[in-house]
Amino acid sequence: MSTAEALPPSPPSTAVVSARGIIRRFGEGDTAVEALRGVDLDLERGSFIAIMGPSGSGKSTLMHILAGIDTPTAGTVWVNGTEITAIKDKALTLFRRTNVGFVFQFFNLLPMLTAAENLDLPLSIAGSKPDAEWRRHLVDVVGLGDRLSHRPSELSGGQQQRVAIARALINRPAVVFADEPTGNLDSKNGTEILNLLRQSVDEFGQTIVMVTHDPKAAAIADQVMFLQDGHIVRVEQHMDGDAIFDVMKTLE
Amino acid sequence: MLRLALRNIMARKLRFALTAIAIILGTAMMSGTYVLTDQITGAFDEIFAKANEGVDVIIARQQKFDSQQGAAPAPIDQSVVAQVKAVDGVDAAEGQLQGTASLVVDGKSIASIGGAPSLLVTTAVEPRFNSSIPAVAGRAPSAPGEISVDEAYAKRAKVSVGQRVEVSTPTGLHPATLVGIFKFGDSGSLGGTTLTAVTVQDAQKWLDLPGKVTTIAVAGRVGTDPALLKSRIGKILPQDRYRVETGAESADRQATTINDGIGFLRTTLSIFALIAILVGSFVIFNVFSITIAQRIREIAMLRTIGASRAQLRRSVIIEALILGVVASLIGIAFGVLLAMGLKWAFDKGGIGLPTASLRVLPRTVIVPLLVGTIATFLAAIIPATRATRIPPVSALREGAVLPKSRLAPYMPYIGIVATLIGIALVAVGFTSDASLSSRLKTIGFGAALIVIGIGLAMRLMIRPIAGAVGAPLEAVFGNSAAIARRNATRDTTRTASTATALMIGVGLVVFIAVFVHGIKVSLFDALDTTLRADEVTLNENFSPMPLGIVAAARAVPEVESAMGIGTVETQVDGSNAPISAIDPAAATSLVNFDWRDGGSNALLDQLGSDGAVIEESFAQDRALKVGSTFEVEAIDGQRATFTVKGIYRDPQLFTGYTITTEGLRRLTETPTVAVLLTKLRPGVDLTVGTAQLNDALTASYPTAKVRTRSEYKDFINTQLSVFLYVLYALLALSVIISLIGVIITLLLAIYERTREIGMMRAVGTTRGQVRAMILHEGVITCLIGGIVGLFVGLLLGGLVTKGLESEGIAFSVPYVTLVVVLVLTIFAGLIAAFLPAMRAAKLRPLDALQYE
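Residues numbered from 1 in each chain as written. Chains lettered and ligands numbered in written order. Predicted model: local features only at pLDDT ≥ 70, side-chain atom pairs only at ≥ 80, totals over all residues. Heavy atoms only, no water.

J.: How should the overall build of chain A be read in this particular structure?
T.: Regarding its fold elements, chain A presents nine helices and 10 strands. The C-alpha radius of gyration of chain A comes to 18 Å, within 12% of the 18 Å expected for a compact globule of 252 residues. Taken along its principal axes, the extent of the C-alpha atoms in chain A is 60 × 40 × 35 Å. The 252 residues of chain A split such that 54% are buried. Within chain A, contacts between residues separated by at least 24 positions form 68% of all contacts whose residues are at least 6 apart in sequence. Split by element, the accessible area of chain A, about 11000 Å² in all, is 48% carbon and sulfur. (Helix = DSSP H or I, 4+ residues; strand = E, 2+ residues; numbered from the N terminus. Rg over C-alpha atoms; globule rule 2.2 N^0.38 Å. Buried < 20%, exposed > 50% of the residue type's maximum accessible area, 1.4 Å probe, protein only. Contact = heavy atoms within 4.5 Å. Areas by Shrake-Rupley, 256 points an atom, 1.4 Å probe, with all protein chains shown as cover.)

As structure tokens, then:
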């Protein structure tokens, strides 16, 4: 083994998220399953990336690893200049606090908190104060002004997901990961949510990584990555829904 | 449906095990109580049967009523023995004496253990009468100055045959030689009671009863029926003066008296066991409610595929019945083990109570099994009914919630009404003219209603109290405490039943603390205001002291005045009347009387032998006024009439009536003093004077304990504390069960909130913050139970002390205890939340992304 190999490669300077040689194996011995079999990628700051692939392609696992909520069996991940695969759970948690935002399929709001309190949750966990102007602006953009004092159970699915998006953006993370954000919404609300995500990329320069299996949702992204059997098999810029659909058909 | 119930149990073993503990502990206490008290009862049966072995008929003086203090009957003149011997069919008759005596080895008095009696018994010439105390070493005493003692006592005093010792009796110290060691009965187990055996002649001398005996043992000729012998003897002895019984009758009677006392112990312990089971059923109710809420989809799915409501209800109830039966049986087994452990400890430590061999009666198994199973069944009925109301469509819906119980909205109001009725019942119980036992039942029922009522109303108190205790936590610990408070209040019904379980235990702890504190404060107050004495002297074991001790105290140069308070058991109009016999000459310098109706200390000089001053409530109960007379009957049958000279108030110390020592002689042939009060000469240092008095008294009365007033207070404090700690220990079980309830509730809540906690971890909550959040929730939940419990305890304590005002018990808040209770509640919350917090902290952010 040479010394050059022992040192981790340095991250590309412009990418906000970089990964090299990601392998993720589940289980041991004969029953072991490789979900990711060597993934390299670089995601540009301020871009909207969709990760697509059929069930079992490893797209969710990849997102979990990039977001620092799962650890690869091998390989290195940098997020916003930090090698997150080299830091311990506590440091990783604190890193996520300020650098990563999440939007979940099932919204995952705390039911006993109001919309406003859910929105402020990442800040209050970190013990920091919201930037009042940014917060007002966010509330304005997601269109929740009159709903802030409501509990999640009093909001529609679309409204809940808006709160979740505002929550993901509140501390201006380096990257927001969205896991099937429209998967639990009807098409009208789904479209609105996608537009909101698009808007945050265009207006705030937010980087968004979205996992989806819906070609129409993926069409809103700047870049679409296709996964199959744990490999990135194709990367395309600005595809429309039909084109994505065609690619997906070849992968299944 | 049985299979479904079984599968549910198997699938959630930890939950099942924890829930089972809630019932196991209560039923264990119940069966343990039965086994232990049965063992003690058995031991006493054996002891009394043994004591009368070889005795066909036993004669003693008649007592007019049952002694409260186990007083020995008055002595019989020895001439009666000859009369009995002359009766046809009597083979042998011998007088025996009984009194108190303890060994003094190298100047040190060897006391009994646990307040058990130290008895002096006599050996007989007739060998048949000695069969209950066969010598294991040496022989029975047969000459003056010879003694033998029981094996356990010899072991503890570290004495051996041939050793010179001293024996302390009410007349002083007597030198003696230990000539034998005997074993009582088969087991040799007498609990802590000690036996010292001497000849009748020595006993008469040492007890100052020349020519007297306490009992006459009679053996008939071979083939004579004891009953026939008894009736023949009964003909020559006047029935109102003598009690003539066969040996078997006497054993039965004595065993019954003791067993009544043990029955009281059994009832008390059973009540605590029932409280524990009640708390356990709250826990079970909660666990079933939560698990049904968590199984909504599964239950709704069963409904969609055609399961009927009745089938679902049956499934839940079967699960509860399996839990109840299994947990109760385990509890019963534990109870038996516990009783065996206690028996071992008693035998090892020689403490207090004798125990016979283990016996498990059918009711020892049946009663706890029924109580445990029925309690579990009742606790599951409401959740089972709610399960049936889950609509099939819930199977398809995300986030379906359990339909509210129809009664739920009204519960808090029903609770408030119940509490008010409970308060009214307690008040009625204290003021009504009904019999004591029915009043006690009313008060007990009222108190139970108050506790249960507040438990039902608990839901209304969750938010305000959580807010109040949450605010300081949030100020100190920030966000994790804030979220914990929200979690604790999101399902107020659930938090309420978790907190109620703890509230019951804490409420009773505080109630007992308030009650005992009230007794202590009132007693201390009475000691300070009534007693002017410097020292209070009592015998170890509180047995009476001979009159001679008063003269001994007066002979001490440092002592200015000394007075013995004489006592004997008496009744007035058939109810027990406490008596204090004083010495008017010394009384005024030692005792302050709080005179009523213009009385003064001058009245004491006018008492003579037939005057009395009486306590206010004694006067009220019997409508006595100055100048009226009342007749007293002493336990040995003496009757005397006293004229009321004055009335005073003293509900604590000189309760009942007060007469002179001369008056006491009209009621007993052998006057003794219960307490010796002394006052030192002015200028004598308290420490020096007390030491002088102690040296002078213990030289001839080694069992007498001289205490200064403040030492006496410490002594009372210790006695009350022991009582208090025993009750706390009994309630600890209920508190532990309620904490198990907190553990299960939190574990289930975390399971429900897996996705929430995962999300929080994903957005940057550290494991430490998650742990803190759960710990805070545990503390908040426990504090709600603790604070409400505190108020319930104060309310009950206030009501009961108010009701006992005439007994001189004041309401006084034991602030220190309350603070300790709150601090312990916080610790309890932390302990209960520890395991759940660890579990929660293990959840990964990934769990937020996974569906269910």
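Now, onward.
J.: Even after reading the chapter, I still don't get helix α6 (residues 157-169) of chain A, so can you show me in this structure?
T.: Across its 13 residues, α6 of chain A extends 18 Å between first and last C-alpha, which sits within 8% of the 18 Å expected from 1.5 Å per residue. In terms of burial, α6 of chain A is a largely internal element, 11 of the 13 residues being buried. All buried positions along α6 of chain A are accounted for by G158, Q160, Q161, R162, V163, A164, I165, A166, R167, A168 and L169 of chain A. Those residues of α6 of chain A that are buried are in contact with β6 (100-103), α4 (115-126), α5 (132-142), β7 (175-179) and α7 (187-204) of chain A together with α22 (754-762) of chain B. (Expected span 1.5 Å × (residues − 1).)

J.: Got a minute to help me understand the sheet that holds strand β3 (residues 48-52) of chain A in this structure?
T.: Sheet strands associate in pairs through backbone hydrogen bonding, adopting either a parallel or an antiparallel arrangement. All names here are of chain A. Taken together, six strands build an open sheet; the order of strands is β6-β7-β8-β3-β9-β10 and the sheet is mixed. Of all strands in the sheet, those with a lone pairing partner are β6 and β10 (231-237), marking the two edges. Neighbouring strand axes in the sheet, compared pairwise and without regard to direction, differ in orientation by 20° on average. Of the strand pairs in this sheet, β7 and strand β8 (residues 207-211) are connected by five bridges, and their pairing is parallel. Across the sheet, the residue bridging to V176 is I208, located in β8. The strands touched by α7 within the sheet are β3 and β8, with β8 carrying the most contacts at an inclination of about 150°. (Pairing = 2+ DSSP bridges. Axes fitted to C-alpha atoms, helices over the stretch in contact; angles between N-to-C directions.)

J.: Honestly, the packing of aromatic side chains in this entry has me stumped. Any pointers?
T.: Each aromatic ring pair is specified by the distance between its two centres and by the angle formed by the two planes. All names here are of chain B. For the structure shown, the criterion picks out 16 aromatic pairs over all chains. Here the aromatic rings of F593 and W595 are separated by 5.2 Å at their centres, their planes lie at 35°, and the arrangement is tilted. Overall, the relative accessible area of 15% leaves W595 in the buried class. Relative to Y648, the ring of W595 lies with its centre 6.0 Å away and its plane at 85°, an arrangement referred to as edge-to-face. A residue pair is termed long-range when its members are at least 10 positions apart, and W595 in strand β22 (residues 595-596) and Y648 in strand β25 (residues 639-648) qualify at 53 residues. (Phe/Tyr/Trp six-rings, centres within 6.5 Å; stacked < 30°, edge-to-face > 60°.)

J.: I tried to follow the interface of chain A and chain B on my own but got confused; where do I start?
T.: Where interface size is given, it is often the accessible area lost as the parts come together that is meant. Contacts between the two partners involve 23 residues from chain A, matched on the other side by 23 residues from chain B. Summing both partners gives a buried area of about 2300 Å² for chain A against chain B, and 63% of it is carried by carbon and sulfur. Summed over the three residues of chain A that lose the most area to chain B, namely F106, M112 and I125 of chain A, the buried surface amounts to 25% of that side. Counting across the chain A and chain B interface gives three salt bridges. Elements with a minimum of two residues in the side of chain A that touches chain B: α3 (89-99) and α4 of chain A. At six residues, the largest contribution of residues to the side of chain A that touches chain B is made by α3 of chain A. Taken together, the residues that form the side of chain A that touches chain B break down as 11 nonpolar, four polar and eight charged. (Buried area = accessible area lost by both parts, 1.4 Å probe. Salt bridge = Lys/Arg side-chain N within 4 Å of Asp/Glu carboxyl O. Nonpolar A, V, L, I, M, F, W, Y, C, P; charged D, E, K, R; others polar.)

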